[in-house]
Amino acid sequence: MPETSPATGDDPAVGRRRGSYAKGVARRQEILDRALEVFQDRGDEGTSLRRIAETIGVSHATLLHYFASREELLLAVYAHAEARRGMDDELGPVGTMVDAATKNAHVPGMVQLYSTLLAGSLQGEESPSRDFFTARFAEVRSYVADMVRARQAEGEIRADLDADGIASLLIAASDGLQIQWLLEPGIDLERTLEMFGPMLRP
């Protein structure tokens, strides 16, 4: 039977595992930070997992320890970038979409990465990408719809509009415009998305 700490009753082995886990989490975050810098500059560029490891300065084995596949790494990089960016409820539904799109415009590699991953998620019925984007769209739709309802209650958005439908349209507009912007950088993301503001007012 393992010994326990006389002061806390904790199993020392468990403490060691917890320490190792914390170090593993920190190491994973460090890898994601470094990988994010690469993808912000150049997107995924079709590079292999081994090439990504070389680029960010870790061994291929180390990368495989934290990410089972290239797809898993790319999804983690995108999710990490999105979490760091965050969202601001105070901006409202249209402002939130404008803010996200304009921030993305400063890191075209991430827009490319998002578009590539999203397209890949449609190739098969079951994949990490499909699960990720299905859950992400549901979460973002719910988040934006809640903001629409809040603004409707305050009289800032027409009460006769369906909040869930508006949320879906705003997300579709933001994603679609960013893809167009990749092909034609002259498109004004901010001005175009802000057109939704007057359309939604009472």
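For the structure, see preceding data.
Now for a look at the structure at hand. (Residues numbered from 1 in each chain as written. Predicted model: local features only at pLDDT ≥ 70, side-chain atom pairs only at ≥ 80, totals over all residues. Heavy atoms only, no water.)

**Some points on the overall build of the chain**
Okay, step 1: Along the chain, the regular secondary structure elements total 10 helices and 0 strands.
Okay, step 2: Listed N to C, the secondary structure of the chain is α-α-α-α-α-α-α-α-α-α in terms of helices and strands.
Okay, step 3: Relative to all contacts within the chain whose residues are 6 or more apart in sequence, the contacts with residues 24 or more apart total 63%.
Okay, step 4: Carbon and sulfur atoms make up 53% of the accessible area of the chain, which amounts to about 11,500 Å² in all. (Helix = DSSP H or I, 4+ residues; strand = E, 2+ residues; numbered from the N terminus. Contact = heavy atoms within 4.5 Å. Areas by Shrake-Rupley, 256 points an atom, 1.4 Å probe, with all protein chains shown as cover.)

**Topic: the pattern of salt bridges**
Okay, step 1: In total, this model carries 9 salt bridges according to the counting rule given.
Okay, step 2: For the salt bridge of Asp146 with Arg149, the shortest nitrogen-to-oxygen distance reads 3.2 Å. Linking Asp146 with Arg149, this pair stays in helix α7 (residues 128-153), spanning 3 residues, or about one helical turn.
Okay, step 3: Close ionic contact of Arg149 with Asp164 constitutes a salt bridge, the shortest N to O distance being 3.0 Å. Residue Arg149 is found in helix α7, and its partner Asp164 is found in helix α8 (residues 163-183); the two are separated by 15 residues along the sequence.
Okay, step 4: Arg149 gets classed as partly exposed once you look at its relative accessible area, which sits at 36%.
Okay, step 5: Residue classification places Asp164 among the partly exposed positions, given a relative accessible area of 39%.
Okay, step 6: Connected through salt bridges with shared partners, the residues Arg27, Glu30 and Arg34 form a single ionic network. (Salt bridge = Lys/Arg side-chain N within 4 Å of Asp/Glu carboxyl O. Buried < 20%, exposed > 50% of the residue type's maximum accessible area, 1.4 Å probe, protein only.)

**Overview of the nonpolar core**
Okay, step 1: In terms of nonpolar packing, the biggest core is built from 52 residues, with Leu63, Val77 and Met110 touching the most fellow members.
Okay, step 2: Tallying contributions element by element places α8 first for this core, with 8 residues. (Core = buried A, V, L, I, M, F, W, Y, C linked by side-chain atoms within 4.5 Å.)

**Some details on the side chain of Ser127**
Okay, step 1: Examined against the element boundaries, Ser127 turns out to sit in the loop between α6 (108-121) and α7.
Okay, step 2: The buried category is assigned to Ser127, whose relative accessible area is 17%.
Okay, step 3: The residues contacting Ser127, other than those within four sequence positions of it, are Glu71 and Ser121.

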